[in-house]
Amino acid sequence: MNEAKIGDADRAYFNGGIKTVTTDSSVLVSSSRYLNHGPLRALIAQEMLRRNGPDMPNTAYIPEVAAILHELEDMPRIIELFEMEKARLPQFARWLADRHLADFTIAELADCKAGTLGAAIRDFMVNSGYQLDLFFQEVQVVNDFTFYLRQTALTHDIEHMVTGFGPNHGGEVALLTANMHAKARYFHPELSAFFSRIATYLKAKTIMKDGLHYPEAMVLNLEAEYRGAEQGRNWKYPLMLVDWRAYVDWQISDIRKELNITPVEEGLWLDTNRLCNEDDPQYGVPMLNAAE
């Protein structure tokens with residue numbers, strides 16, 4: 001017997017302000033361009049409610065959702081915001097003008113000393129099995145907007161290296177959150193929201209799936225969100241604006257001091273993918289104990 005009954009008093013309290021709006025349209029019509037997009041509705045419902053089964057990775061359909069979200073943007077307004085913020089923020093203007101892509105190669109980092117950013121990037125490219133260039137790989141840099149797309153895709157894993165938020169379940173949540181807080185404190189709210197659009201989707205689907213299916217991952221999610229917010233609000237400026245080519249020969253510890261990347265705890269959440277990725281060999285092995 002399910003005793004979680006939703007009654008008329010509950011509906012009256014929460015739904016009392018609903019008004020019926022009529023239309024002659026024969027299909028769904030909303031004031032939200034996102035709700036009006038049928039494939040986006042279907043993808044978001046699926047990706048927020050499904051499990052991370054071994055037949056479909058957690059990262060499935062991110063390109064499709066990202067493409068739709070970009071398709072629905074008011075691009076003239078976004079470009080207007082770019083220009084407005086370039087006039088207000090010298091660091092942003094310089095980043096866009098210089099266009100120093102972080103498209104590093106293994107060969108050019110061969111002589112970087114141990115402990116430097118360059119050595120960490122080289123190790124990542126040689127040993128991780130992943131690539132820095134993970135998104136918008138076919139975009140050609142021809143203006144400010146295309147540089148933004150390419151550069152922020154290239155630097156995601158570099159941000160993992162310098163923040164200490166590893167490429168794992170907790171680290172991904174923490175890094176998303178840190179970036180969102182840093183951008184919200186730096187940019188015009190409308191441009192900050194655009195820069196965080198896909199991150200907002202990723203956080204939403206992750207917290208929903210964790211909350212529905214993976215209780216330990218949900219506990220971890222909350223801790224990671226807290227730690228990410230704490231660090232991101234300390235950054236000197238959003239890490240998307242860093243010219244990483246200027247830092248390849250710096251010790252990572254010195255980069256953190258320079259950019260106020262603090263607090264940092266190395267090795268957090270190393271095995272946390274097993275809490276929610278059902279294709280992980282250790283899926284389901286507990287990690288946490290409840291506080292007394």
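Structure shown above.
Residues numbered from 1 in each chain as written. Predicted model: local features only at pLDDT ≥ 70, side-chain atom pairs only at ≥ 80, totals over all residues. Heavy atoms only, no water.

Draft legend 1. The arrangement of a nonpolar patch on the surface in detail. A surface patch of nonpolar side chains, amounting to about 430 Å² of accessible area, comprises Leu 49, Ile 207, Met 208, Leu 212 and Leu 222. With three residues, helix H11 (residues 197-213) is the largest single contributor of residues to the nonpolar patch. (Patch = residues over 30% accessible without salt bridge, like charges linked within 9 Å, V, L, I, M, F, W, Y side chains within 5 Å. Areas by Shrake-Rupley, 256 points an atom, 1.4 Å probe, with all protein chains shown as cover. Salt bridge = Lys/Arg side-chain N within 4 Å of Asp/Glu carboxyl O. Helix = DSSP H or I, 4+ residues; strand = E, 2+ residues; numbered from the N terminus.)

Draft legend 2. Representation of the packing of helix H9 (residues 169-186) against H11. Interhelical geometry of H9 versus H11 gives an angle of 140° and a closest axis separation of 10 Å. Taken as axis vectors, H9 and H11 run oblique relative to one another. With respect to the hand of their crossing, H9 and H11 are arranged in left-handed fashion. Only Ala 199, Thr 200, Leu 202, Lys 203, Thr 206 and Asp 210 of H11 make contact with H9, whose side of the interface consists of His 169, Val 173, Leu 176, Thr 177 and Met 180. Of the residues in the contact of H9 with H11, the class split is five nonpolar, four polar and two charged. (Axes fitted to C-alpha atoms, helices over the stretch in contact; angles between N-to-C directions. Parallel < 35°, antiparallel > 145°, perpendicular 65-115°, else oblique. Left-handed = near helix turned anticlockwise from the far one by under 90°. Contact = heavy atoms within 4.5 Å. Nonpolar A, V, L, I, M, F, W, Y, C, P; charged D, E, K, R; others polar.)

Draft legend 3. Just the packing of aromatic side chains, in detail. For the structure on display, the rule yields 19 aromatic pairs. Ring centres of Phe 82 and Tyr 148 lie 6.1 Å apart, and the angle between their planes is 75°; on these two criteria the pair is classed as edge-to-face. Remark: Tyr 148 occurs in helix H7 (residues 144-154) and Phe 82 occurs in helix H4 (residues 75-88); sequence separation between them is 66 residues. On the accessibility criterion, Phe 82 (1% relative accessible area) is buried. (Phe/Tyr/Trp six-rings, centres within 6.5 Å; stacked < 30°, edge-to-face > 60°. Buried < 20%, exposed > 50% of the residue type's maximum accessible area, 1.4 Å probe, protein only.)

Draft legend 4. Local environment of the pattern of salt bridges. Counting across every chain of the model gives 16 salt bridges. The salt bridge partner of Glu 190 is Arg 77, with a shortest N-O separation of 2.7 Å. Within this pair, whereas Glu 190 is found in helix H10 (residues 189-195), its partner Arg 77 is found in helix H4, the two being separated by 113 residues in sequence. Overall, Arg 77 belongs to the partly exposed group, its relative accessible area being 23%.

Draft legend 5. Molecular detail of the nonpolar core. Judged by nonpolar contacts, the single largest core of 57 residues is most densely connected at Phe 82, Phe 92, Leu 117 and Trp 244. At six residues, H9 tops the list of elements feeding residues into this core. With near-sequence residues (within four places) excluded, Leu 117 lies in contact with Ile 158, Met 161, Val 162, Trp 244, Tyr 247, Val 248, Trp 250, Ile 252 and Ile 255. (Core = buried A, V, L, I, M, F, W, Y, C linked by side-chain atoms within 4.5 Å.)

Draft legend 6. Structural view of the packing of helix H8 (residues 156-163) against H9. It is at 11 Å that the axes of H8 and H9 come closest, and there the two elements cross at 100°. If you check the angle between H8 and H9, you find them roughly perpendicular. The segment H8 lies against H9, with His 156, Glu 159, His 160 and Thr 163 engaging Gly 171, Glu 172, Leu 175 and Asn 179.

Draft legend 7. Structural view of unusual backbone geometry. Each neighbour pair has its own omega, and for Thr 262 with Pro 263 the value is -5°, a cis peptide bond. The backbone phi angle of Arg 99 is positive, close to 50°, even though this residue is not glycine. Tracing the chain through its elements places Arg 99 in the loop between helix H5 (90-98) and helix H6 (117-127). Classification of Arg 99 by relative accessible area gives partly exposed; the value is 33%.

Draft legend 8. Region of interest: the side chain of Asn 52. With respect to the helices and strands, Asn 52 occurs in the loop between helix H2 (38-49) and helix H3 (62-71). Asn 52 gets classed as buried once you look at its relative accessible area, which sits at 4%. Within polar-contact distance, the side chain of Asn 52 engages the backbone oxygen of Cys 276 at 3.0 Å. (Polar contact = N/O pair within 3.5 Å; in protein donor to acceptor, adjacent residues only side chain to side chain.)

Purely spatial values, then, with no claim about function.
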